[in-house]
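Architecture and fold: a report
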Amino acid sequence: MARWLKVVLPLICLIVGMFVIYFLTLWSDRDLVSLSFVIGFPFVAGGVFTVFRPRGAFRGLIGLIFWIVLVMVLSLAGSQVSGFEGLICIAMAGVPMIGAALLGGVIALTVRRAKVDRKTTTGVYLLPLLAFVALDQLPTAPRIYAISNTVVIDAPADAVFEFVKEIRDIPPEEIDTRASHLLGVPKPTEALWFEGADGVVRQSSWGDEVRFLEHITRIVPGRVIEWRFEFPEGWAEGVEDPHLQVGGAYLDILSGGYEIEPMGDKTRLTLTTRSLDRSGFGAYARFWHHFFIEDFHLVILDLVKHRMDAA
């Protein structure tokens, strides 16, 4: 029992400490979507986890890695269960945070074994943290990603054009469960086409939670449908992460469209979406833009192909 407490009590104290830092960051209105918080803070935390690990336990490198990952995973899980962070945000931030904590822990273990003096140890952690804070202050140019996916359908182009305008009654079992669905994004249920005096609007619905609009900006009969997105207030209640809102400080979904190309008796259908990234996370942000948008594209394209091939 005493041995069990020697592991659990330090674990609880470190997790509580992580939450205290998180709450102080929120209270001070610091930016949670920043290099200093996502990489710098976990880097320093990894060193703290190493110093305050249970006495006599997790002394080797493998044991230390297990200890750091355990503290980080439980801390991230706690932030999700408590409702302070959404599952999508945790999934996106989890990898760099755990990686930075592991790096900080391994460096701390190396420094302790080498018996480096305290001033050098402080510099090992303080200087990288200050560097990340400085990088956060540098202006970063927004980036626009044009993401496309294609499918070949066994139907003529004019039939595909008419079909993609409006898709009704999509039961959940007709859609394969993809990675984005496991992170809480609902499956699409319908896309309705409305023509009025103010133009043409397509309303897309995903489950009972998500509703957004596609204002049609260009139509070439049998060939092209293009739109700009509109995400009304409350469009994804309970799904959208509070720190990564569409149209917020870090990202936006701008426009999209279908391109329909005849191939004899078949048709090549391409779905494109343009997104805006202001996060400053470079290639890592690009990966997540592609991850979510391509997941959605493939859901829609597979649905269209399945229904039209079976018609």
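The sections below set out a description of the structure shown in this document. The model shown is predicted, which means the values in this text are computed figures rather than measured ones.

About the cut-offs
Residues numbered from 1 in each chain as written. Predicted model: local features only at pLDDT ≥ 70, side-chain atom pairs only at ≥ 80, totals over all residues. Heavy atoms only, no water. Helix = DSSP H or I, 4+ residues; strand = E, 2+ residues; numbered from the N terminus. Buried < 20%, exposed > 50% of the residue type's maximum accessible area, 1.4 Å probe, protein only. Expected span 1.5 Å × (residues − 1). Arc of directions from axis to C-beta. Pairing = 2+ DSSP bridges. Axes fitted to C-alpha atoms, helices over the stretch in contact; angles between N-to-C directions. Contact = heavy atoms within 4.5 Å. Core = buried A, V, L, I, M, F, W, Y, C linked by side-chain atoms within 4.5 Å. Phe/Tyr/Trp six-rings, centres within 6.5 Å; stacked < 30°, edge-to-face > 60°. Lys NZ or Arg CZ within 6 Å of the ring centre and 35° of its normal.

Before going further, it helps to examine unusual backbone geometry. Positive phi, close to 50 degrees, is recorded for D169, a residue that is not glycine. Positionally, D169 belongs in the loop between α6 (157-165) and α7 (179-182). When its relative accessible area of 62% is taken as the criterion, D169 is described as exposed.

Helix length check: helix α3 (residues 61-81), at 21 residues, gives a terminal C-alpha distance of 30 Å against a target of 30 Å (1.5 Å per residue), a fit within 8%. Residues of α3 that are buried: L64, W67, I68, V71, M72, S75, L76 and S79. Burial along α3 is one-sided: seen end-on, the buried residues are contained in an arc of 150 degrees. Exposed residues pointing more than 90 degrees away from the buried face of α3 are listed as I62, F66 and V81.

What follows covers the sheet that holds strand β1 (residues 143-153). Taken in spatial order, the 7 strands of this open sheet run β1-β7-β6-β5-β4-β3-β2, and their pairing is antiparallel. Across the chains shown, the open sheet's two edge strands, defined by having one partner strand only, are β1 and β2 (188-196). For this sheet, the mean angle separating the axes of adjacent strands, direction not counted, is 20 degrees. Sheet topology places strand β4 (residues 210-220) next to strand β5 (residues 224-230); 7 bridges connect them, and they run antiparallel. For R218, the partnering residue across the bridge sits in β5 and is E226. Strand contacts of α6: β1, β2, β3 (199-206), β4, β5, β6 (251-263) and β7 (266-277), with the helix running at about 155 degrees to β6, the strand carrying the most contacts. Helix α8 (residues 282-310) rests against β1, β2, β3, β6 and β7 of the sheet, and its axis sits at about 25 degrees to β1.

Within soluble globular proteins, side chains that are nonpolar generally end up buried alongside one another. Core analysis: the largest hydrophobic core is formed by 75 residues, its most contacted members being F49, M72, I153, V164, L269 and V304. In this view, V304 contacts I153, F163, V164, I167 and L269; residues no more than four positions away in its chain are not counted.

Quick look at the packing of aromatic side chains now. Given two aromatic rings, their pairing is described by the distance between the two centres and the angle made by the two planes. All told, the structure shown has 20 aromatic pairs when counted by the stated rule. Here F229 and F231 contribute two aromatic rings whose centre-to-centre distance is 5.6 Å and whose plane-to-plane angle is 20 degrees, an arrangement assigned as stacked. Clustering of aromatic rings is evident, with ring pairs tying together W206, F212, W227, F229, F231, W235, Y258 and F296. Residue placement shows R202 over the ring face of W227; its charged tip is 5.7 Å from the ring centre.

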